[in-house]
Amino acid sequence: METEKEVFYKAFLERDSSFEGVFIVGVKTTRIFCRPTCPARPKIENVEFFPSAKEAMLNGYRPCKVCKPLEKLGNPPDGIKQLLKYMEENPTVKIKDADLQEMGLEPNQVRRWFLKNYKQTFHAYQRMYRANSAFQRIQSDQNVTDVAFDSGYDSLSGFNSMFKNIIGTSPQKSKDKRVINVTYVETDLGLMIAAATEKGICMFEFADYKLIDLELRQLGEEFNAPLIQGDNPHFDTLREQLNEYFRGERKDFNIPLDLAGTEFQKKVWLSLLQIPYGCTTTYGKQAEALGKPSAVRAVANANGKNKISIILPCHRVIGADGTLTGYGGGMWRKKKLLEFEKENMTTSH
């Protein structure tokens, strides 16, 4: 049977991102510590593993300049943050390579960052952002021609073509069209993807979740709506309440939700809200609370399909024997969330 060190070392060699947050690697020969996905390749006898960066530093190691283990996972560099803020404040402006250079950004680096973190090109991200802005303006009864030219298009036909390609209908027919807005949210546990309709948050998942693409596709099918990169008022509430949660100041979320699932699944997901902060329950007890004591497997199945992490706290459900069971965001995140809540039980309000 493999030792913990062998398991960690194998994950390190494979640059396995699911071990982010589980361990930090200390390289004895250089006295540098790295995250699990670092490209460094020291021999097994030259490494030791720590539970956190703090432990590594207490043992005399300094952070690696390549993988930057002290940076929040998925946290954009300052230049990208400024670019995203600029886009948020100027959603109709088309940003070209020359504009990026004026901002002190190297266009190729911007392209690489968006492909790696957002899985799309910067220009595709921009197009969706502008389409979303245009859609919202048309929804508020603004003139289509004005919106088209304000969006940087020289012709109405060019604007119409872009709009129809992304929204799925012409601007003139989009008044009753529903869309799902999608954005990325930085958290203490890594980058997350949030999706929202006009009614509320319909998805909040870790960006590195293996089934994220499938979930996004299912979301579009269930709501019969296109997924559009862009802003939504519910995202502001989400970020605000999430920051309060991670500061240990919030126990419960009261953000509007728009659940996509069967009636049974929705009952199971909403029952998660009855599990007190800092506490855990089992699938069996959850099934009993729902009045369906024999439906343990069905309840566990429904929990596994919960698309709204943290807010609907499926991390608080554990195995009957007290062990941590499956969690889409990774077992290390489930463990961290439970430890965090337990530590903050008395300080939260």
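Before reading further, recall that the structure is shown in the block above.
Quick caveat, the model's predicted, so the values are computed rather than measured.

With respect to helix H1 (residues 4-13)
Now for step 1: Every buried residue of H1 is accounted for by Phe8, Tyr9, Ala11 and Phe12. Across the axial projection of H1, the buried residues extend over an arc of 160 degrees, all falling on one side.
Now for step 2: Those residues of H1 that are buried lie in contact with strand S1 (24-27) and strand S3 (47-50).
Now for step 3: Once H1 ends, the next one or two residues include Arg15, with phi positive near 50 degrees.

Things to note about a nonpolar patch on the surface
Now for step 1: Together, Tyr86, Val93 and Met103 make up an exposed nonpolar region whose accessible area comes to about 210 Å².
Now for step 2: Tracing the chain through its elements places Tyr86 in helix H3 (residues 78-89).
Now for step 3: On the basis of relative accessibility, which here comes to 31%, the residue Tyr86 falls in the partly exposed class.

Side note on the packing of helix H5 (residues 107-118) against helix H6 (residues 122-139)
Helix packing geometry: the angle between the two helix axes and the distance between the axes.
Now for step 1: At a minimum axis distance of 8 Å, the contact between H5 and H6 shows a crossing angle of 70 degrees. Between H5 and H6, the crossing angle belongs to the class labelled roughly perpendicular. Contact residues: Val110, Arg111, Phe114 and Tyr118 in H5; Phe122, His123 and Tyr125 in H6.

Structural notes on the pattern of salt bridges
Now for step 1: A complete count under the given rule lists eleven salt bridges for this structure.
Now for step 2: Among the ionic pairs, Lys85 bridges to Glu89, the shortest N-O distance being 2.6 Å. Of the two residues, Lys85 and Glu89 both sit in helix H3, four residues apart, roughly one turn of that helix.
Now for step 3: With relative accessibility at 51%, the residue Glu89 sits in the exposed group.
Now for step 4: A salt bridge links Arg178 to Glu198, with the nearest nitrogen and oxygen atoms 3.2 Å apart. Taken together, the positions of Arg178 in the loop between helix H8 (156-167) and strand S5 (180-187) and Glu198 in the loop between strand S6 (190-196) and strand S7 (201-206) put the pair 20 residues apart, joining distant regions of the chain.
Now for step 5: Its relative accessible area of 22% is what places Arg178 among the partly exposed residues.

Notes on the sheet that holds S3
Now for step 1: Taken in spatial order, the four strands make up an open sheet running S3-S1-S2-S4, and their pairing is mixed. The open sheet has two edge strands with one neighbour each: S3 and strand S4 (62-63).
Now for step 2: Sheet topology places S1 next to S3; four bridges connect them, and they run antiparallel. Paired with Val25 across the bridge in S3 is Phe49.

Considerations on the environment of Val147
Now for step 1: Mapping Val147 onto the fold places it in helix H7 (residues 144-150).
Now for step 2: By relative accessible area, which is 0% here, Val147 ends up buried.
Now for step 3: Taking C-alpha positions, Val147 is 13 Å from Ser170, a pair spaced 23 residues apart along the chain.
Now for step 4: Those residues in contact with Val147, other than ones at most four positions away along the chain, are Ala134, Arg137, Ile138, Gln142 and Phe159.

Focus on unusual backbone geometry
Now for step 1: At Arg15, a position not held by glycine, the phi torsion is positive, near 50 degrees.
Now for step 2: Mapped onto the elements, Arg15 comes out in the loop between H1 and S1.
Now for step 3: Positive phi values are uncommon outside glycine, yet Asn224 reaches one of about 50 degrees.
Now for step 4: By the element assignment, Asn224 lies in the loop between helix H9 (212-223) and strand S8 (227-229).
Now for step 5: Residue Asn224 is classed as exposed on the basis of its relative accessible area, which comes to 64%.

Considering the pairing of S1
Now for step 1: Here S1 shows two buried faces, one formed by Ile24 and Gly26 and the other by Val25 and Val27.
Now for step 2: The pairing of S1 with strand S2 (residues 32-34) spans three bridges and is antiparallel. Directly across from Gly26, in S2, lies its bridge partner Phe33.
Now for step 3: The turn linking S1 back onto S2 is made up of four residues, and Arg31 within it adopts a positive phi angle of 60 degrees.

Quick notes on empty space enclosed by the protein
Now for step 1: Summed over all chains, the structure comprises one cavity of 30 Å³ or more.
Now for step 2: By volume, the largest cavity is sized at about 50 Å³.
Now for step 3: In terms of lining residues, the largest cavity is bounded by Cys202, Asp258, Leu259, Ala260, Trp269, Asn306, Lys307, Ile308 and Leu312.

What counts, and at which threshold
Residues numbered from 1 in each chain as written. Predicted model: local features only at pLDDT ≥ 70, side-chain atom pairs only at ≥ 80, totals over all residues. Heavy atoms only, no water. Buried < 20%, exposed > 50% of the residue type's maximum accessible area, 1.4 Å probe, protein only. Helix = DSSP H or I, 4+ residues; strand = E, 2+ residues; numbered from the N terminus. Arc of directions from axis to C-beta. Contact = heavy atoms within 4.5 Å. Patch = residues over 30% accessible without salt bridge, like charges linked within 9 Å, V, L, I, M, F, W, Y side chains within 5 Å. Areas by Shrake-Rupley, 256 points an atom, 1.4 Å probe, with all protein chains shown as cover. Salt bridge = Lys/Arg side-chain N within 4 Å of Asp/Glu carboxyl O. Axes fitted to C-alpha atoms, helices over the stretch in contact; angles between N-to-C directions. Parallel < 35°, antiparallel > 145°, perpendicular 65-115°, else oblique. Pairing = 2+ DSSP bridges. 1 Å grid on protein atoms, 1.4 Å probe; cavity = no way out; pocket = protein on both sides within 12 Å on 5 of 7 lines; lining within 4 Å. Points joined across faces, edges and corners; volume = space filled by probe spheres on them.

Worth remembering: the numbers are spatial, not functional.
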